[in-house]
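What follows is the residue order along each chain.
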Amino acid sequence: MSAAGLVDMALRAPLGRSAAEIQRRIAAGERAGGANPLFDASTYLTRLAAAIAGEPEPNKNARILSRVALFAWDCTLEVCTRVELPAADRLGIYTAVGGLRAHWNAFMPALQHQEDDLQHAWNNGFRFLHPFWMLQHLSNNLQALLAMHLNAQGEGGTFGGATAGAQALAAASRALAVGAIDTAVVVAYDSLVEPEALVEMAARGASTHAATVAEAVSGYIPAEAAAAAVLRRPGPGLSRIEVWESADGERGHPKPGTLIELAQGRNGGVTLIEGTGLGEPCYQPGNTLDANGHVGAASTLLQLAALQERLANGQSGLALSAAAPGLVAVARLDKQG
Amino acid sequence: MRVVITGIGVVSSLGIGQHPFWDGLMQGQGGGRPIQNFDASAFPIGRAAEVDVARITPSWLAAHTTLPPATFSPWDVGDLLDRKVSFGILAALEAWRQAGQPDLESAWLSLGVGLEYARLAQFEALLDPAGNIDWRRAAPQQLRVPADRCGLRIAELLSIGGPQALHCSACASGGIAMAHGASLISRGRARIVICGGTDSMINPLGLGGMSRLGAPSPTVCRPFDRRRDGLLMGEGAAIFVLESAEHAQARGVEIIAEILGSGVTQDAYKATAPRPDAQCSSQAMKHALTRAGLAGVDYLNAHGTGTRLNDPVEALAINSTFSHPPLVSSIKGAVGHLMAASGAIELAACALALKHQQAPGTLFLEQVDAECALPGLLKTPQDAKIRTAMSTSFGFGGQNAAVILGRST
């Protein structure tokens, strides 16, 4: 397995804009979530949501990047200003996105006057799509724009799906290990606080239908988050990260045994475990994903930031994630620094 | 660790399976036809390289997979509507069968896919007559077919028990998925990987979006031609079984080709246009050559989209990379641009070129643009001595991928 050295991280999450702030608020008993702050979801089955406070920084790319992608941009630039980056062809950008969603609001104008069977679809609305609608929804827009801004010409890519963060970390680690690049910037972001996502999660009972956070003991609170990590090959003073993945073919969440099997043999000397945050069977106090809400593809990086913050030098922790369809990932962090 | 190909599966507008795909290319056939899977009559572009099936049903899948229709009973309606899901499993099944049906319990899946499929009729059903959302109509709905779904169905059908990697780098996704799959084996992480790409944007949202962009040609796709005016939208899949050479030899299965090297770079220039000096696209090819231990290749399957921007930059990249020009062709005039699956299906063309010692031509290329002059550019298919072949993919966003295959030894 390829390991990587963690140089630095930055994040944006419902409970804060740094790992230290998040841990301080969790220790004070806070749990993110409340009435959906991003749009009126009062008539939805899933009414609770957890959003990043405030807005992203003003950005000329706002027409192309979603809200949470703009937060991902912000934390990537934040961490990259704190580290030394290599020559262009030795720097790789790896992005992890939760889904390649055709966003509701973007094509609603195309749907409002459609016929039941979508006959005459072009004249009834698709001709009203923005000319750049397609380009605005490319899954790798953030990777492309970050590469331009940071002049990153090395090996990289965009991964999709609920465990995309773990996939991106693993791919970056392998590229570093074989010397394809010298530095990897791994950026993960996701938002489940979108109308179509809320409708689907509620319909299959994955998200909580509770009216208040205190009542939400089953099912997760949909949330949004972004995180960025700078990685190099393992070395003195750098926390060591390793990632493993597996799948069990389940259509929904994986069987618990799948995660247990993956974690076995990788938990030697571990003193802290960041759990999956799925809210089943109940909320786990102190757990980063439970406290912030379910953040999909951003989960693994958010958990690693928490481990880096909470562990003392010489200690180790595991970050566990599980998502539909049947996907699991385990990340281990051995703290140094 | 050496990486070999033991199975190939292809679905394209030329037919279901690698044989109609290859035969069609060699016979100079084109897969462009009037769109039949939805009413595209009023769209600016009504033709595409569509797989010849209007509506995918469990019985259609059963007929083409020789599996019982009940196999597909658990599928959601959305899975059938999202055509790339079916194309992916057809191609995966063909590849797996050709490879001798290996046990895939520990296999990885590395898949390049495009946009999630939006079930527009379901969204539309949520609107009241005034065009406002009426949530009372939102009884269990599947509004999207997540991109994960294709990987799930492939893993379910073939009992793939290992991790999945889903690549979403636009038009370079398929090539990157192949490079990633090969690296998992060469870097010792896996012994067997199912990888490739599948995509279909031939639906109202995909066609509408591309039409608004002005990307498709109103006539035909003419890669490298001075009259080129856009791409031909295509759909389909190409899936491979990759193994370590030792694993394949131990199983006693035929090796079709070997993956000798790959390179992935990023233009870091513009999100919607390639770097005009072709430096980074050339670098991807050079990385692949270096890792393969080669100075050149005999045949190169170009990205060759038939757009004004891509083709001259790609020609510059090829001319600046190779001191001995390879034979070059683009198959996008024939099978269209398969978007996230393009790199994969074009690598399939490379593998079959190695197997048959023939090179496909560039359909509809008649007058080579001076800006796209390539010494080895082929208009028509021909016999050729091909020991090594490269496939290149250049995606929106500036991602570049190059993968090199060699004849099995």
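Residues numbered from 1 in each chain as written. Chains lettered and ligands numbered in written order. Predicted model: local features only at pLDDT ≥ 70, side-chain atom pairs only at ≥ 80, totals over all residues. Heavy atoms only, no water.

A short note on the state of the cysteines
Residues and elements named next belong to chain B.
- Taken as a whole and assessed by the stated rule, the structure comprises zero disulfides over all chains.
- In this model Cys195 remains outside any disulfide bridge; the closest cysteine sulfur is found in Cys150, 13 Å from its own.
- For Cys372, which is in no disulfide, the shortest distance to another cysteine sulfur is to Cys221 and amounts to 12 Å. (Disulfide = S-S within 2.5 Å.)

Quick look at empty space enclosed by the protein
- Throughout the structure, instances matching the rule amount to seven cavities of 30 Å³ or more.
- Considered as a void within the structure, the largest cavity measures approximately 220 Å³ in volume.
- Lining the largest cavity we find 19 residues, and of these Leu138(A), Gly114(B), Leu115(B), Ala170(B) and Met201(B) sit closest to its centre.
- Counted by class, the lining of the largest cavity contains 13 nonpolar, five polar and one charged residues. (1 Å grid on protein atoms, 1.4 Å probe; cavity = no way out; pocket = protein on both sides within 12 Å on 5 of 7 lines; lining within 4 Å. Points joined across faces, edges and corners; volume = space filled by probe spheres on them. Nonpolar A, V, L, I, M, F, W, Y, C, P; charged D, E, K, R; others polar.)

Thoughts on the packing of helix H1 (residues 19-27) of chain A against helix H11 (residues 299-310) of chain A
Residues and elements named next belong to chain A.
- Taken N-terminus to C-terminus, the directions of H1 and H11 make an angle of 80°; their axes are 9 Å apart at the nearest point. When the axis of H1 is compared with that of H11, the two are roughly perpendicular. Of the residues in H11, those touching H1 at Ala19, Ala20 and Gln23 are Ala305, Ala306, Glu309 and Arg310. (Axes fitted to C-alpha atoms, helices over the stretch in contact; angles between N-to-C directions. Helix = DSSP H or I, 4+ residues; strand = E, 2+ residues; numbered from the N terminus. Parallel < 35°, antiparallel > 145°, perpendicular 65-115°, else oblique. Contact = heavy atoms within 4.5 Å.)

Some details on the confidence of the model for chain B
- The share of residues in chain B with pLDDT of 70 or more is 97%, and the mean pLDDT across the chain is 93.
- Here the prediction assigns the complex a pTM of 0.94, and the interface score ipTM is 0.92. (pLDDT = per-residue confidence, 0-100.)

Brief notes about the interface of chain A and chain B
- The interface of chain A with chain B comprises 73 residues on the first partner and 72 residues on the second.
- With both sides pooled, the region where chain A packs onto chain B buries about 6,100 Å², and carbon together with sulfur makes up 63% of that total.
- Applying the counting rule to chain A against chain B returns one salt bridge.
- At the junction of chain A and chain B, the tally comes to 12 residue pairs in polar contact (both at pLDDT 80 or more).
- Sorting the residues of the side of chain A that touches chain B by element identifies helix H3 (104-111), helix H4 (121-124), helix H5 (133-136), helix H6 (141-150), strand E5 (157-160), helix H7 (164-177), helix H8 (195-203) and strand E8 (239-247) of chain A as the ones contributing at least two each.
- Here the side of chain A that touches chain B takes six residues from H8(A), the largest share from any one element. (Buried area = accessible area lost by both parts, 1.4 Å probe. Salt bridge = Lys/Arg side-chain N within 4 Å of Asp/Glu carboxyl O. Polar contact = N/O pair within 3.5 Å; in protein donor to acceptor, adjacent residues only side chain to side chain.)

A short note on the packing of aromatic side chains
- All told, the structure shown has five aromatic pairs over all chains when counted by the stated rule.
- Centre to centre, the rings of Phe126(A) and Phe43(B) are 6.1 Å apart; their planes meet at 35°, and the pair counts as tilted. Pair noted here: Phe126(A) is in the loop between H4 and H5 and Phe43(B) is in the loop between strand E3 (33-34) and strand E4 (47-48), and the two residues belong to different chains.
- Here Phe126(A) falls in the buried class, since its relative accessible area comes to 1%.
- Exposure remark for Phe43(B): the relative accessible area of 5% places this residue in the buried category.
- Geometrically, the ring pair formed by Phe72(B) and Trp75(B) is edge-to-face, given 5.4 Å between the ring centres and 90° between the ring planes. An identical accessibility class is assigned to Phe72(B) and Trp75(B); each is buried.
- Every member of this aromatic cluster is reached through a ring pair, and the members are Trp122(A), Phe126(A), Phe38(B) and Phe43(B). (Phe/Tyr/Trp six-rings, centres within 6.5 Å; stacked < 30°, edge-to-face > 60°. Buried < 20%, exposed > 50% of the residue type's maximum accessible area, 1.4 Å probe, protein only.)

Here's the deal with the environment of Tyr117(B)
All names here are of chain B.
- Here Tyr117 lies in strand E6 (residues 117-118).
- Overall, Tyr117 belongs to the buried group, its relative accessible area being 15%.
- With 28 residues separating them in the primary sequence, Tyr117 and Val145 have C-alpha atoms 5.1 Å apart.
- If near-sequence neighbours (up to four positions away) are discounted, Tyr117 is found in contact with Leu81, Asp82, Lys84, Leu143, Arg144, Val145 and Asn203.

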